[in-house]
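Listed here are the chains, written in short residue letters.
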Amino acid sequence: MKTKFLHISDLHFSFTYERGDRNFCEMMKKMSSPLEQIRRIFDEVEKDYDFVCVTGDICEFGTEEEYRYIHDWLQDYFGCPVIGVSGNHEDKQAFIHGFLDLNQLDPVYQEYYFNGFRVICLDSSDEKHNDGIITHESCQMLRKSLKDRETPTIVITHHHLIEDQFDMPIAIYGDDFREIIRSSNILAILNGHTHHAYEGTFEGRKYYTAGSFSFLCSCTDNVLNCYEHASGQQFVYEDGVLTRTVLEDESDPVFLDKFRIG
Ligand SMILES: [Fe+2]
Ligand SMILES: [Fe+2]
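First, a word on scope: everything that follows refers to the structure included in this document. Counting restarts for each chain: residues are numbered from 1 in the order of the written sequence. For naming, the first written chain is A and the first written ligand is 1, with later ones following in the order written. Where local features are concerned, this predicted model is filtered to residues with pLDDT of at least 70; where side-chain atom pairs are given and counted, the filter is 80 or more; whole-chain, interface and lining totals use all residues.

**Describing the overall build of the protein**
For step 1, the next point in the chain: Comment: elements are numbered from the N terminus, with helices defined as DSSP H or I runs of at least four residues and strands as E runs of at least two. Looking only at helices and strands, the protein has six helices and 14 strands in total.
For step 2, the next point in the chain: In terms of overall dimensions, the protein is globule-like: its C-alpha atoms have a radius of gyration of 17 Å, near the 18 Å expected for 262 residues.
For step 3, the next point in the chain: Out of the 262 residues belonging to the protein, those deemed buried represent 41%.
For step 4, the next point in the chain: When contacts within the protein are restricted to residue pairs at least 6 apart in sequence, those whose partners lie at least 24 apart make up 72%. The globule rule used for comparison is 2.2 Å times the number of residues to the exponent 0.38, while the radius of gyration itself is calculated over C-alpha atoms. Between the buried cut of 20 or more and the exposed cut of 12 or fewer other C-beta atoms within 10 Å of a residue's own C-beta lies the partly exposed class, and all C-beta atoms are placed from the backbone. Placing a C-beta atom from the backbone of each residue, one calls two residues in contact when those atoms lie within 7 Å.

Next up, the structure:
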């Protein structure tokens, strides 16, 4: 069995950039549209993916209409199913209705199957925890799902989990989550949030963070410098092995804006 899929993250898509933090909105008005950033990389790439997964911050506090638009645009452009998890910049109800096309109140946990390949969507977003949280409830569902050790499986979530990978606080999670991952045989955890690509291991399992299709920032002395430099990652699963390739804009990062935080 061969499965090929694309992982993209943090599009922060909006028609207007009028909702959310004012500094960020002004900066994002200066960047190329996330759709343009995607086209810059993928117009020349063979789009033969079995599915595309988007790990959160899909819209910048989007409306239902914006979530529906971006979902349908991605599905048409890549010609395959598009799935996603919520980030901390999401309007969650609009995301559930517009992107997931669901009516349930809270998509804490979902699973998708693509020709025998499983994707578990673990929702780390919570309006009370901007840096993310893996709840006890999520852990219980994850533990149950991962009793199936035969199906090739990845777990996708929004927030990063490794302390050293970036200078933003990691999601809150407990020892139960660590133990569940450690004792599982998942192929990898995929996430976003930092806007910087990263490869590592978490509790002995492969762990990959995607870059963004919006902006990325570096912080010095409470000043954020923001740039545009799109990147995503594609994966091929074949003969029991998962292989990752980073796909990124080949031109140099473009400076967008800087502003003081804190
Ligand atoms: Fe983001
Ligand atoms: Fe985020």
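**As for the pairing of strand β6 (residues 153–156)**
For step 1, the next point in the chain: Residues T153 and V155 of β6 are buried on one face, and the alternating residues I154 and I156, pointing to the opposite face, are buried as well.
For step 2, the next point in the chain: One bridge is not enough; two strands pair if DSSP finds at least two bridges between them. Bridging between strand β5 (residues 117–122) and β6 involves four bridges; their strand directions are parallel. Its bridge partner being in β6, R118 is matched across the sheet by T153.
For step 3, the next point in the chain: Since β5 and β6 lie parallel, the crossover through helix α5 (residues 136–145) that links them has a hand, and here it is right-handed. If the strands point away from the viewer and the path from the first strand over the helix to the second runs clockwise, then the crossover is right-handed.

**A word on the sheet that holds strand β10 (residues 216–220)**
For step 1, the next point in the chain: Here we have three strands laid out as an open sheet, ordered β10-β11-β14, and antiparallel in their pairing. Because the sheet does not close on itself, it has two edges, and the strands there are β10 and β14 (254–260). The average angle at which neighbouring strand axes cross in this sheet is 20°, direction not considered.
For step 2, the next point in the chain: Pairing of β10 with strand β11 (residues 223–228) involves five bridges; the strand directions are antiparallel. Each bridged residue has a counterpart across the sheet, and for C219 the counterpart in β11 is L224.
For step 3, the next point in the chain: Angles run from 0 to 180 degrees between N-to-C directions of axes, and those axes are lines fitted to C-alpha atoms, restricted for helices to the stretch in contact. With respect to the sheet, helix α1 (residues 22–30) is in contact with β11 and β14, its orientation differing from that of β14 by roughly 165°.

**Looking at the sheet that holds strand β2 (residues 51–55)**
The pairing of strands in a sheet comes from backbone hydrogen bonds and takes either a parallel or an antiparallel form.
For step 1, the next point in the chain: Taken together, five strands build an open sheet; the order of strands is β3-β2-β1-β12-β13 and the sheet is mixed. Of all the strands in the sheet, just β3 (82–85) and β13 (241–248) have a single pairing partner and so form its edges. The sheet shows a mean angle of 20° between the axes of neighbouring strands, direction not considered.
For step 2, the next point in the chain: With four bridges joining them, β2 and β3 adopt parallel strand pairing.

**Quick word on the packing of helix α3 (residues 64–78) against helix α4 (residues 92–99)**
For step 1, the next point in the chain: Remark: α3 packs on α4, axes separated minimally by 8 Å, with the N-to-C direction vectors making an angle of 45°. Put simply, α3 runs oblique to α4. Every pair of crossing elements has a handedness; the one defined by α3 and α4 is right-handed. Across from E64, E65, E66, Y67, R68 and H71 in α3, the residues of α4 making contact are A94, F95, H97, G98 and F99.
For step 2, the next point in the chain: Grouping the constituent residues of the contact of α3 with α4 by class yields four nonpolar, three polar and four charged. An angle below 35 degrees is treated as roughly parallel, one above 145 as roughly antiparallel, one from 65 to 115 as roughly perpendicular, and anything else as oblique. By convention the crossing between two helices is left-handed if the near helix lies anticlockwise of the far one by an angle smaller than a right angle, and right-handed if it lies clockwise. Basically, the charged four are Asp, Glu, Lys and Arg, the nonpolar ten are Ala, Val, Leu, Ile, Met, Phe, Trp, Tyr, Cys and Pro, and anything else, Gly included, counts as polar.

**Considerations on α4**
For step 1, the next point in the chain: Inspection of α4 places F95, I96, G98 and F99 among the buried residues, and these make up the whole buried set.
For step 2, the next point in the chain: Those residues of α4 hidden inside the fold are in contact with α3 and β3.
For step 3, the next point in the chain: Just downstream of α4 lies D101, where phi reads positive at about 60°.

**Remarks on α3**
For step 1, the next point in the chain: To estimate the expected span of a helix, count its residues, drop one, and scale the result by 1.5 Å. Its 15 residues place the ends of α3 21 Å apart at the C-alpha level, agreeing with the 21 Å of an ideal helix rising 1.5 Å per residue.
For step 2, the next point in the chain: Taken as a whole, α3 has its buried residues at E66, Y67, I70, H71, L74 and F78. The buried residues of α3 occupy an angular sector of 130° when projected down its axis, which confines them to one face. Away from its buried face, by an angle of more than 90 degrees, α3 presents the exposed residues E65 and D76. As used here, the arc is the angular range of directions from the helix axis to the C-beta atoms.

**Describing the packing of α5 against helix α6 (residues 175–182)**
For step 1, the next point in the chain: The contact between α5 and α6 brings their axes to 10 Å, and the two run at 20°. What the angle tells us is that α5 and α6 run roughly parallel. Here α5 runs over α6; the crossing is left-handed. Taking contact as the criterion, the partners of H136, C139, L142 and R143 in α5 are, on α6, D176, F177 and I180.

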